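# Residue-level structural notes
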Amino acid sequence: MKLAVIFGGRSTEHDVSIVSGTSVISKLDKEKYEITPIYIDENGEYYKYTKNINEIKTLKIGEKIDNLEKIENIIKILQKQDIIFPVLHGKYGEDGSIQGLFEMIKVPYIGCKVLASSIAMDKVYTKMIIEKAGINQTKSEYIRKYKEKYIHIDKEFNEKICSIEEIINIAETNLKYPMFIKPSNSGSSVGVTKVENKNELQKGIETASKYDNKILIEQGINGQEVECAVLGNEDVIASEVGEIKSADVFYNFDAKYKNQESKTIIPAEISKEKREEIRKLAIKAFKAINGKGLSRVDFFVENETGKIYLNEINTMPGFTDISMYPKLFEASRNKLYEIIR
Ligand SMILES: Nc1ncnc2c1ncn2[C@@H]1O[C@H](COP(=O)(O)OP(=O)(O)O)[C@@H](O)[C@H]1O
Ligand SMILES: [Mg+2]
């Protein structure tokens, strides 16, 4: 089977994708697949990664890639494949853009299709579908950057142009500190900040607006951070639930990829009943966005109340050596899967 593995890409998660992509290639069965590794640089140029396939090892975060040969006609190469695995995170790779290209040239690919990819990449729109599915999630306010001001968008899509002071006022009226400010299109925590007061709130909004003009102001949850991996198309299976123990005040970029103190625990330190509930919710959420193939669905479990909140759905989760998705299924390997509908 001819398999192209694509990694790198034009998003802020380019470096993470290099780690994920090389990790996937190093672990694939070379007897079973004729692998074509394809690297996309930050400008969107395509290259063949020409290193001997048996010698490809997982690169470290920030490590640059060499042994590259420019591809003149990417379509021609992709059309020769039996299947494509886009191990790409973030914009253009995980948001439906490249999936649209695969659809156009009629080559099968791994993972979510155009619609699910673009919904899950956008935190604001994910919230709308998750609400429709009746799954609990954090309270939030949605704003857009507009010239020197902001537009506040209410739950019925009514828009109001506001100054930053008015936005702060709305947030403080409806939410409590700490809050989390996020670009709607974020990943790997890039542009995400935890804020404890007015001043930090304003700065957080400014930071987030550098990455996306859609911004989410979210109620912070004091609790455990847990994740569940799902796999399948119609009959979807859910893995055991894992937990993140962040080395920092929250699971920011450095805590994710650089700080060795951050840990993942499988199973999560919550009751079996709660883990079962989370597995069901993960599948429900995945189906609600019309997910296909795989996703990692992330939740919080609140300390005081034990309430479960869905945080986000990652349609192409990390595949680095420390990543949760592969670890979760590794831990679930010898257990009988149940198909939960
Ligand atoms: N509402 C929240 N309450 C508590 N922690 C949060 C909240 N939102 C985000 N976080 C923290 O910030 C991290 C990054 O936020 P997340 O929404 O997962 O964005 P990304 O898509 O960049 O991973 C999370 O892993 C978590 O540690
Ligand atoms: Mg996340």
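Going by the structure above, here's the rest.
Figured I'd write up the structure that's included with this text. (Residues numbered from 1 in each chain as written. Chains lettered and ligands numbered in written order. Predicted model: local features only at pLDDT ≥ 70, side-chain atom pairs only at ≥ 80, totals over all residues.)

## Details of the nonpolar core
Selection criterion: Residues of type Ala, Val, Leu, Ile, Met, Phe, Trp, Tyr and Cys that are buried and joined through C-beta atoms within 7 Å form what is called a nonpolar core. Partly exposed residues are those falling between the two cut-offs: more than 12 but fewer than 20 other C-beta atoms within 10 Å of their own, whereas 20 or more means buried and 12 or fewer means exposed, with C-beta atoms placed from the backbone. Helical segments are the DSSP runs of H or I of at least four residues, strand segments are the runs of E of at least two, and each set is numbered from the N terminus. Reported domain spans reflect what an automatic or database domain assignment gives. We call two residues in contact when their backbone-placed C-beta atoms lie within 7 Å.
Val-5, Val-230, Ala-282 and Ala-285 are the most contacted members of the largest nonpolar core, which totals 62 residues. The dominant element in this core, judged by the number of residues it contributes, is helix H9 (residues 272-288), at 7 residues. Here this core gathers at least three residues from each of two domains, domain 1 (2-110) and domain 2 (121-136 + 222-332). The contact partners of Val-5, leaving out residues within four places of it in the chain, are Gly-21, Val-24, Ile-25, Ile-35, Pro-37, Ile-38, Phe-85 and Val-87. Among the nonpolar cores identified, the runner-up in size contains 16 residues, and Ile-167, Val-192, Ile-205 and Ala-208 belong to it.

## Details of helix H5 (residues 123-132)
For the record, the criterion: The arc refers to the directions leading from the helix axis to the C-beta atoms.
All of the buried residues in H5 are Lys-123, Thr-126, Lys-127 and Ile-130. Looking straight down H5, one finds its buried side chains confined to an arc of 105°; they lie on one side. Contacts from the buried residues of H5 go to helix H4 (114-121), strand S6 (140-146), strand S9 (179-183), strand S11 (214-219), H9 and strand S16 (308-314). Of the residues trailing H5, Gly-134 is marked for its positive phi of about 70°.

## Let's talk about the site of ligand 1
Operational definition: Put plainly, near means the residue's C-beta atom, positioned from the backbone, lies within 6 Å of the molecule or strand in question. Throughout this entry, Asp, Glu, Lys and Arg are counted as charged residues, while Ala, Val, Leu, Ile, Met, Phe, Trp, Tyr, Cys and Pro are counted as nonpolar. The remaining residues, Gly among them, count as polar.
By nearness alone, 20 residues border ligand 1, and Phe-180, Ser-186, Ile-221, Phe-250 and Tyr-251 come closest of all. Here the shell around ligand 1 is built from residues that sort into 6 nonpolar, 9 polar and 5 charged. Shared between two domains, the shell around ligand 1 holds at least three residues of each, these being domain 2 (121-136 + 222-332) and domain 3 (140-219).

## Focus on the sheet that holds strand S5 (residues 83-86)
Strand-to-strand pairing in sheets goes through backbone hydrogen bonds, with the strands running parallel or antiparallel. Heads up, the rule is: Being paired, for any two strands, means DSSP has found at least two bridges between them. Helix axes are fitted only over the stretch in contact, all axes being lines through C-alpha atoms; the angle between N-to-C directions runs from 0 to 180 degrees.
Taken together, the 5 strands give an open sheet; going across it, the order is S4-S3-S2-S1-S5, and neighbouring strands pair in mixed fashion. Lying at the two open borders of the sheet, with one neighbouring strand each, are strand S4 (68-70) and S5. The mean inter-strand angle of the sheet, taken between neighbouring strand axes irrespective of direction, is 30°. Strand direction decides the pairing type here: strand S2 (residues 34-40) and strand S3 (residues 46-49), joined by 3 bridges, are antiparallel. When the sheet's bridge partners are listed, Tyr-39 is paired in S3 with Tyr-47.

## Here we look at the packing of helix H6 (residues 164-174) against helix H7 (residues 198-209)
Cut-off, in case you're wondering: For any helix crossing, the convention is left-handed if the near helix is rotated counterclockwise from the far helix by under a right angle, and right-handed if that rotation is clockwise.
Here H6 crosses H7 at 115°, and the two axes come no closer than 11 Å. Considering how the two elements wind past one another, H6 and H7 form a crossing that is right-handed. Residues Ile-164, Ile-167, Ile-168 and Ala-171 of H6 lie in contact with H7, whose contacting residues are Lys-198, Leu-201, Gln-202 and Ile-205. Its residues placed into classes, the contact of H6 with H7 shows 6 nonpolar, 1 polar and 1 charged.

## Some points on unusual backbone geometry
The omega torsion of the bond from Tyr-177 to Pro-178 falls at -5°, within 30 degrees of zero and hence cis. Within the secondary structure, Pro-178 is located in the loop between H6 and S9. Positioned with a positive phi, Phe-157 is a non-glycine residue whose angle comes to about 70°. Inspection of the secondary structure puts Phe-157 in the loop between strand S7 (149-153) and strand S8 (159-162). Phi at Ser-189 takes a positive value of approximately 65°, unusual for a residue other than glycine. Take Ser-189: it is sitting in the loop between S9 and strand S10 (193-195).

## Observations regarding the pairing of S8
Pairing of S7 with S8 involves 4 bridges; the strand directions are antiparallel. Following the sheet pairing, His-152 is matched in S8 by Lys-160. Linking S7 back to S8 in an antiparallel pair, the connection comprises 5 residues, with Phe-157 at a positive phi of about 70°.

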